[in-house]
Amino acid sequence: QVQLVESGGGLAQTGGSLRLSCAASVSVFSRYAMGWFRQAPGKEREFVAALAWSGGVAYYAESMKGRSTIYSDNAKNTVYLQMSSLKPDDTAIYYCAARDFSRTYWRANDYDYWGQGTQVTVSS
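Being a predicted model, the structure only gives us computed values, none of them experimental.

*Asks:* What am I meant to see in the packing of aromatic side chains here?
*Replies:* The way to describe two aromatic rings as a pair is by their centre distance and the angle between their planes. As enumerated under the stated definition, the model contains 9 aromatic pairs in all. A ring pair is formed by Tyr32 and Tyr113, whose centres lie 5.6 Å apart and whose planes are at 90°; its orientation type is edge-to-face. Of this pair, Tyr32 sits in strand β4 (residues 32-39) while Tyr113 is found in strand β10 (residues 111-114), placing the two residues 81 residues apart along the sequence. Tyr113 gets classed as buried once you look at its relative accessible area, which sits at 19%. Taking 5.0 Å as the distance between ring centres and 25° as the angle between the ring planes, the aromatic pair formed by Tyr71 and Tyr80 counts as stacked. Using a relative accessible area of 9% as the deciding quantity, one classes Tyr80 as buried. For Arg45, the ring lying beneath its charged end belongs to Tyr95, and the centroid distance is 3.9 Å. If you follow Arg107 out to its NZ or CZ, it ends over the ring of Trp106, 5.4 Å from the centre.

Rendered as structure tokens:
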């Protein structure tokens, strides 16, 4: 069983930065690929960023390209999402998730394990 715990959310101003962390209970990177999703009130959960199983390739939602970086620290069993140039539209609960490496990186239903989420609020 994989447990994921997010941290690093909070309140930021427009144009500011935040780094989200997702700590895994076990060494997941040898078996799973990691991703970040977000869900704003009244909206569906949407893809933000993901790593390929090898960790060498990253994928981003169009809205996050150039403003975010996903990366992992295998020694710490942790994946990060560095976000900058934040906008009020980035306000959401952010979730990290783990998927089998053969599954689609952008589809939430293809992820097997989820964290509890961390709130990000961007003020205008």
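Anyway, onward from the coordinates.
*Asks:* Explain the state of the cysteines to me, please; I cannot follow it from the model alone.
*Replies:* Every disulfide links exactly two cysteines, by a covalent bond between their sulfur atoms. This structure, assessed with the given rule, holds 1 disulfide. With its sulfur 1.9 Å from that of its partner, Cys22 forms a disulfide with Cys96. Across the S-S bond of Cys22 and Cys96 the torsion is about 45°, and the bridge reads as right-handed. In this pair, Cys22 sits in strand β3 (residues 18-24) while Cys96 sits in strand β9 (residues 92-100), placing the two residues 74 residues apart along the sequence. Cys22 gets classed as buried once you look at its relative accessible area, which sits at 1%.

*Asks:* Which parts of the structure should I look at to understand the sheet that holds β3?
*Replies:* The strands that make up a sheet pair up through hydrogen bonds in the backbone, lying either parallel or antiparallel. Taken together, the 4 strands give an open sheet; going across it, the order is β1-β3-β8-β7, and neighbouring strands pair in antiparallel fashion. For this open sheet the edge positions go to β1 (4-7) and β7 (68-73), each flanked by a neighbour on one side alone. Along the sheet, successive strands turn relative to each other by an average axial angle of 15°, direction set aside. Inspection of the sheet shows β1 paired to β3 by 4 bridges, in the antiparallel sense.

*Asks:* Help me out: how do you make sense of the nonpolar core in this one?
*Replies:* Grouped together as the largest cluster of nonpolar side chains are 35 residues, with contacts concentrated most on Leu4, Met34, Trp36, Val79, Leu81, Met83 and Tyr94. Contacts of Leu81, omitting those with residues within four sequence positions, involve Leu18, Arg19, Leu20, Trp36, Val48, Ala49, Ser68, Thr69, Ile70 and Tyr94.

What counts and what doesn't
- Residues numbered from 1 in each chain as written.
- Predicted model: local features only at pLDDT ≥ 70, side-chain atom pairs only at ≥ 80, totals over all residues.
- Heavy atoms only, no water.
- Phe/Tyr/Trp six-rings, centres within 6.5 Å; stacked < 30°, edge-to-face > 60°.
- Helix = DSSP H or I, 4+ residues; strand = E, 2+ residues; numbered from the N terminus.
- Buried < 20%, exposed > 50% of the residue type's maximum accessible area, 1.4 Å probe, protein only.
- Lys NZ or Arg CZ within 6 Å of the ring centre and 35° of its normal.
- Disulfide = S-S within 2.5 Å.
- Pairing = 2+ DSSP bridges.
- Axes fitted to C-alpha atoms, helices over the stretch in contact; angles between N-to-C directions.
- Core = buried A, V, L, I, M, F, W, Y, C linked by side-chain atoms within 4.5 Å.
- Contact = heavy atoms within 4.5 Å.

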